[in-house]
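# Per-entry structural report
Listed here are the chains, written in short residue letters.
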Amino acid sequence: MFLNVLMCIVFFLFFYFFSLFEQVDALIEAFGTNKQKRALSSRRLNQVGSEILSQAMAKAAEEIIEYKGTKELVKEAICSDEIESSLFLPPRDINADKPENVYKLDDLISPVEYASLEAPSEPFRNLTTESLQQMIDNKQHGLIVIQELQELTGKDCDHLARCLWYLDALIKLSNMKVVKRKELMVPGFPSTICGKFMKHFTVTTFKNGRVQNSVSGTMNSKIVAHVIALALHICDFEVDLTLLQRDMKLTENRILEIAKAMGLKITKRLMFSSNALGETHKIGVLTLPLTVYKPPGGIKKRKKM
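Residues numbered from 1 in each chain as written. Predicted model: local features only at pLDDT ≥ 70, side-chain atom pairs only at ≥ 80, totals over all residues. Heavy atoms only, no water.

On to the overall build of the protein chain, then. If you tally the helices and strands in the protein chain, you get 13 helices and 6 strands. In the protein chain, which comprises 305 residues, the proportion classed as buried is 39%. For the protein chain, restricting intrachain contacts to residue pairs at least 6 apart in sequence, the fraction spanning at least 24 positions comes to 61%. Of the roughly 18000 Å² that the protein chain leaves accessible, carbon and sulfur atoms contribute 57%. (Helix = DSSP H or I, 4+ residues; strand = E, 2+ residues; numbered from the N terminus. Buried < 20%, exposed > 50% of the residue type's maximum accessible area, 1.4 Å probe, protein only. Contact = heavy atoms within 4.5 Å. Areas by Shrake-Rupley, 256 points an atom, 1.4 Å probe, with all protein chains shown as cover.)

Given below as structure tokens:
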């Protein structure tokens, strides 16, 4: 409690003095001497240069995550002595006796979060042919969500509707760069889910004098892993990685690396649709025991799954 109060005081003082400095700069700009104005101009140029350098470093970091970082995360997942825990994988039980117990649903969506999904998932639960066609036409949801919505008939509609809504929200989050709470919390968006997304799937950065939450490369990998784990529960533990790759705007190599780090068996399947006579998709299958792949870079495995 004391720590929370202290943090609030620190943030208040920070923003108070930051605002005060802006006001002082405005006064110098309007009424200051030539010497003061030159000093202000010089400081602002230095600040711009610093921000440009910071942006360049951030871009370089993202490129490392994109082309090399995922492999490093995969190595960490495969080779760690404590393989159950990872920087980006959901909690998992490598000794599970059933596929559904490897990545438990309660670890992906807590009971409290699951309960909060009743209202927002209602359009999925009460889906009609007309509303489904409208979703398809408006491209409001991802390919994998639409595919599963088309097959809801005869299944546990309430459970799958909640899971699909959460899956859809995670996919949309993965496509964001900067996450603003007020933009995330559209009407009907549960505050519990919003809080979790901000806390567990974004990083706090400081840019242009503002604190903001962004989806870094590492956080994006974390979201992808959680999406795959949840999709496994929805799709009877066989997930179409090609559809997820397209929904999340990933390279095939990246989503396959993450799926392999999760211990999935990768297969190929010929898929047919109204847009293609036949297309080969990559399918991730959760089988027991989990599939073990040779770590990237030839690192020796230290522990079997």
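Moving on, there is more to tell.
So, on to the pairing of strand S3 (residues 210-214). Side-chain positions along a regular strand alternate between the two faces of the sheet. With 2 bridges connecting them, strand S1 (residues 178-179) and S3 associate as antiparallel partners. In the sheet register, valine 178 faces S3, and the bridge partner there is serine 214. Two strands pair when backbone bridges link them, and strand S2 (residues 203-207) and S3 are joined in this way by 5 bridges, in the antiparallel orientation. Residue pairing for S3: valine 203 is matched across the bridge by serine 214. In textbook terms, the turn of a hairpin is the stretch between consecutive antiparallel strands, and for S2 and S3 this stretch comprises 2 residues, one of which, asparagine 208, has a positive phi near 50 degrees. (Pairing = 2+ DSSP bridges.)

Strand order in the open sheet made by the 3 strands is S1-S3-S2, with antiparallel pairing throughout. With partners counted over all chains shown, the strands left at the sheet margins are S1 and S2, one partner each.

Two elements in contact, helix H8 (residues 157-174) and helix H11 (residues 217-234), have axes whose closest approach is 10 Å; the angle formed by their N-to-C orientations is 160 degrees. Taken together, the axes of H8 and H11 are roughly antiparallel relative to one another. The chirality of how H8 crosses H11 is left-handed. Every residue of H11 that contacts H8 at Leu160, Cys163, Leu164, Tyr166, Leu167, Leu170, Ile171, Leu173 and Ser174 is listed here: Asn220, Ile223, His226, Val227, Leu230, Ala231 and Ile234. (Axes fitted to C-alpha atoms, helices over the stretch in contact; angles between N-to-C directions. Parallel < 35°, antiparallel > 145°, perpendicular 65-115°, else oblique. Left-handed = near helix turned anticlockwise from the far one by under 90°.)

With the rule as written, the count across this model stands at 4 aromatic pairs. Summarising the aromatic geometry, the rings of tyrosine 166 and phenylalanine 197 are spaced 5.7 Å apart at their centres and angled 70 degrees between planes, so their arrangement reads as edge-to-face. Remark: phenylalanine 197 occurs in helix H10 (residues 191-200) and tyrosine 166 occurs in helix H8; sequence separation between them is 31 residues. In this structure tyrosine 166 comes out as buried when scored by relative accessible area, which is 1%. Ring geometry for phenylalanine 197 versus phenylalanine 201: centroids 5.9 Å apart, planes at 75 degrees, classification edge-to-face. (Phe/Tyr/Trp six-rings, centres within 6.5 Å; stacked < 30°, edge-to-face > 60°.)

So, on to the confidence of the model for the protein chain. Summing up the model confidence of the protein chain, the mean pLDDT is 77 and the portion of residues at 70 or higher is 66%. Every residue in residues 2-20 is under pLDDT 50, and counting partners more than four places away or in other chains gives 3 contacts. The model gives residues 80-85 a pLDDT under 50, and that stretch makes 14 contacts with residues more than four places away or in other chains. (pLDDT = per-residue confidence, 0-100.)

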